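Descriptive analysis of the structure
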Amino acid sequence: MDNSLLDLPTLKDLDITRRRVFMRVDINSPIDPETGKILDDRRIRVHAKYIKEIVDKYEPALVIGSHQGRPGERDFTTLEEHAELLSKYSGVQVKFVDDVMGPAARSAISELRPGEVLLLDNLRLVSEEVLEGAPEAQSMTVFVRRLSGLFDYYVNDAFATAHRSQPSIVGFPLVLPSAMGPLFEKEVIAAAKIFSSTSGPRIFILGGSKVHDLLRVIENLVRNRLADRILTTGLLAQLFLVAKGVRLGDENVRLLEEKNILTLIPRARLLLMKGAPIETPVDVKTHNEKDDAVENVSITKITGVIKDIGETTLEIYCELIKEASLIVMRGPAGVIEDSKFREGTLKILDAVYNSRAFVVIAGGHLGSMIDETKVNDRIHVSTGGNALLLLLSGEELPAIKALQMSKSIFHGGKR
Ligand SMILES: Nc1ncnc2c1ncn2[C@@H]1O[C@H](COP(=O)(O)OP(=O)(O)OP(=O)(O)O)[C@@H](O)[C@H]1O
Ligand SMILES: O=C(O)[C@H](O)COP(=O)(O)O
């Protein structure tokens, strides 16, 4: 990845003071399927801080849009509660209109005064927003054409949705002078650091259960020589153990089979044979369901279901982490839903907090395990799990491409 990431237009390239701005954010949050209430509001808290900063500094008439879930899913809700939480966390009154592009939304947008903030309803209530397409086509949607005339500028602060080629992400930049917002910029700076980091060991600690995605990331990391060590945990570690010929036992192999992970063995073997710097656990914590026993066993003597990395592995991994200058961590080391198997993840996180490295932590499960009192300027907790992962995989994110197109259309863009 290259420095072109850092050439994207920022708020400094626009002149949004007291102007009409449409800002796309991603406050998509986990929702309790029974009550419809927000379960975890981390993304809302993060965006609230930046909204306050923008309002204080530029006093724009700021209209915010976000999606929540997908039509047909139980987390597809309106954004009324999101508006209340944004107001609570930002200290700025965030008005809400239960409409996206109809007369109610358009009149609420037109009436908004400088310094005021309005949240539109779930953008995916508009069917066009759910369809992916090229930026040119998305800029011609009814959604973009109806709303764009009401704004001077477009700001994309939805890094976590940067991998979607939807109208609110790629359509507006082609018709309005645009920039990335402060959170998007922070994510991009963190990604650029990952790609430009050359001195000292760059350590990727990869685990969790999204093994197909992670294998693609590892292949790209290896091809582009971006990782000095890849410490595997979670189900990813089990794939590489099997690829090395370790016998995990029937129960564990069955789980890998169910998750279609065994089909990845040839690709994992190829990486190992090429000498990719992939480390695997030497011991694991297992659960024996018959007598509910938890054991720490060597990988040569596995019985029971693997639920976490083992103690010796933890010692070795934590020792390696001390040397790192860059750490990227994604996915928990074990089945963290059960408190007996959180130790691996928590101890690795402790080693990461205490390291000297620049740290990027991505993903919802890991995010929920973070001790926020330990987070400082050296540690970047990404809001974008999938988007960051795809960027790291060497893929061009549609949001980034659209901002680059906008820059060349509007020449960086002050109106
Ligand atoms: N050894 C293991 N066996 C089975 N499941 C495991 C194991 N280790 C970790 N997991 C599971 O991995 C899941 C989390 O992985 P996932 O890849 O979703 O993490 P993430 O980085 O938070 O991603 P996202 O933000 O996209 O959810 C947890 O539900 C956890 O139980
Ligand atoms: O949580 C996410 O990954 C983003 O909000 C994108 O959501 P989506 O996968 O429904 O597009």
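Everything numeric in this text was worked out from a predicted model, so none of it was measured.

**A few points about the nonpolar core**
- By size, the foremost hydrophobic cluster in this structure holds 63 residues, and its most contacted members are F184, F204, L239 and F240.
- When residues of this core are assigned to domains, at least three fall in each of domain 1 (3-184 + 396-410) and domain 2 (197-383).
- Residues in contact with F204, not counting those within four places in the same chain, are I194, L221, L226, A227, R229, I230, L231, V328 and L392.
- If you look at the next biggest cluster of nonpolar residues, it comprises 28 residues, including I16, I51, L79 and L119.

**Some words on the site of ligand 1**
- Neighbouring ligand 1 are 19 residues; K210, G334, E337, G364 and H365 lie closest to it.
- Side-chain polar atom of R330 to an oxygen atom of ligand 1: 3.2 Å apart, as the coordinates give it.
- Here an oxygen atom of ligand 1 and a backbone polar atom of H365 are 2.5 Å apart.
- Relative to its unbound accessible surface of 650 Å², ligand 1 loses 86% to contact with the protein.

**Description of the environment of L39**
- Along the chain, L39 turns up in the loop between β1 (20-24) and α1 (42-58).
- Judged by relative accessible area, which is 57%, L39 ranks as exposed.
- Measuring from C-alpha to C-alpha, the distance between L39 and M101 comes to 28 Å, with 62 residues separating the pair along the chain.
- Among residues more than four places away in sequence, those in contact with L39 are P30, I31 and D32.

**As for helix α15 (residues 385-392)**
- Taken across its eight residues, α15 has six buried, putting it largely inside the fold.
- Burial in α15 covers these residues: G385, A387, L388, L389, L391 and L392.
- Tucked into the core, α15 has its buried residues touching α7 (182-196), β7 (202-206), α8 (211-223), β13 (326-330), β14 (358-362) and α16 (398-410).
- Taken from the residues just after α15, G394 is the one with a positive phi, measuring 85 degrees.

**Quick notes on the sheet that holds strand β5 (residues 153-156)**
- Taken in spatial order, the six strands make up an open sheet running β3-β4-β2-β1-β5-β6, and their pairing is parallel. Strands with a single pairing partner mark the edges of an open sheet, and in this sheet they are β3 (94-96) and β6 (178-180). Across the sheet, the axes of successive neighbouring strands diverge by a mean angle of 25 degrees, strand direction being ignored.
- Of the strand pairs in this sheet, β5 and β6 are connected by three bridges, and their pairing is parallel. Within the sheet, the bridge partner assigned to V155 lies in β6 and is A179.

**Things to note about the UniProt feature "binding site: ATP" (unreviewed entry) in the chain**
- Using the residue numbers shown here, the UniProt feature "binding site: ATP" (unreviewed entry) corresponds to E337, G363, G364, H365 and L366.
- Relative to the assigned elements, G364 resides in helix α14 (residues 364-367).

**Structural notes on the sheet that holds strand β11 (residues 293-298)**
- The sheet built from three strands is open, its strands ordered β11-β10-β12 with antiparallel pairing. The sheet is open, and its two edges are formed by β11 and β12 (305-309), each paired on a single side. For this sheet, the mean inter-axis angle between neighbouring strands, taken without regard to orientation, is 35 degrees.
- Note: strand β10 (residues 283-288) against β12, four bridges, orientation antiparallel. Bridge assignment links V284 to a residue of β12, and that residue is I309.

**A word on the site of ligand 2**
- With respect to spatial proximity, the complete set of residues near ligand 2 consists of D26, N28, R43, H67, R70, R124, A160 and R164.
- Side-chain polar atom of D26 to an oxygen atom of ligand 2: 2.6 Å apart, as the coordinates give it.
- The contact in question runs from an oxygen atom of ligand 2 to an N or O atom on the side chain of N28, over 2.9 Å.
- When the free accessible area of ligand 2 is taken as 310 Å², the share hidden by the protein chains comes to 85%.
- Of the residues assigned to the shell around ligand 2, the class counts are one nonpolar, two polar and five charged.

**Points about the packing of α1 against α7**
- Running from N to C, α1 and α7 point in directions that differ by 120 degrees, and their axes come no closer than 9 Å. Two secondary-structure elements touch here, α1 through V46, H47, Y50 and I54 and α7 through P182, L183 and K186.

**Observations concerning the pairing of β13**
- Extensive coverage of β13 is indicated by the burial of five of its five residues.
- Across the two faces of β13 the burial is the same, with L326, V328 and R330 and I327 and M329 all buried.
- As judged from the five bridges shared by β7 and β13, these two strands associate in the parallel manner. Each residue of the ladder has a partner; that of F204, found in β13, is V328.
- Sheet analysis places β13 next to β14, joined by five bridges and oriented parallel. Across the sheet, residue V328 finds its bridge partner in β14, namely V360.
- Read as a crossover between parallel neighbours, the route from β13 over helix α13 (residues 343-354) to β14 is right-handed.

**Notes on the environment of L112**
- Within the fold, L112 resides in the loop between α3 (103-111) and β4 (117-119).
- Judged by its relative accessible area of 2%, L112 falls in the buried class.
- Setting aside residues up to four positions removed in sequence, L112 forms contacts with R20, A61, L62, V63, K95, V117 and L118.

Cut-offs applied
Residues numbered from 1 in each chain as written. Chains lettered and ligands numbered in written order. Predicted model: local features only at pLDDT ≥ 70, side-chain atom pairs only at ≥ 80, totals over all residues. Heavy atoms only, no water. Core = buried A, V, L, I, M, F, W, Y, C linked by side-chain atoms within 4.5 Å. Buried < 20%, exposed > 50% of the residue type's maximum accessible area, 1.4 Å probe, protein only. Domains from an automatic or database assignment. Contact = heavy atoms within 4.5 Å. Near = heavy atom within 4 Å. Polar contact = N/O pair within 3.5 Å; in protein donor to acceptor, adjacent residues only side chain to side chain. Areas by Shrake-Rupley, 256 points an atom, 1.4 Å probe, with all protein chains shown as cover. Helix = DSSP H or I, 4+ residues; strand = E, 2+ residues; numbered from the N terminus. Pairing = 2+ DSSP bridges. Axes fitted to C-alpha atoms, helices over the stretch in contact; angles between N-to-C directions. UniProt positions renumbered as here; feature names shortened; annotations may be inferred. Nonpolar A, V, L, I, M, F, W, Y, C, P; charged D, E, K, R; others polar. Right-handed = clockwise from strand over helix to strand, strands pointing away.

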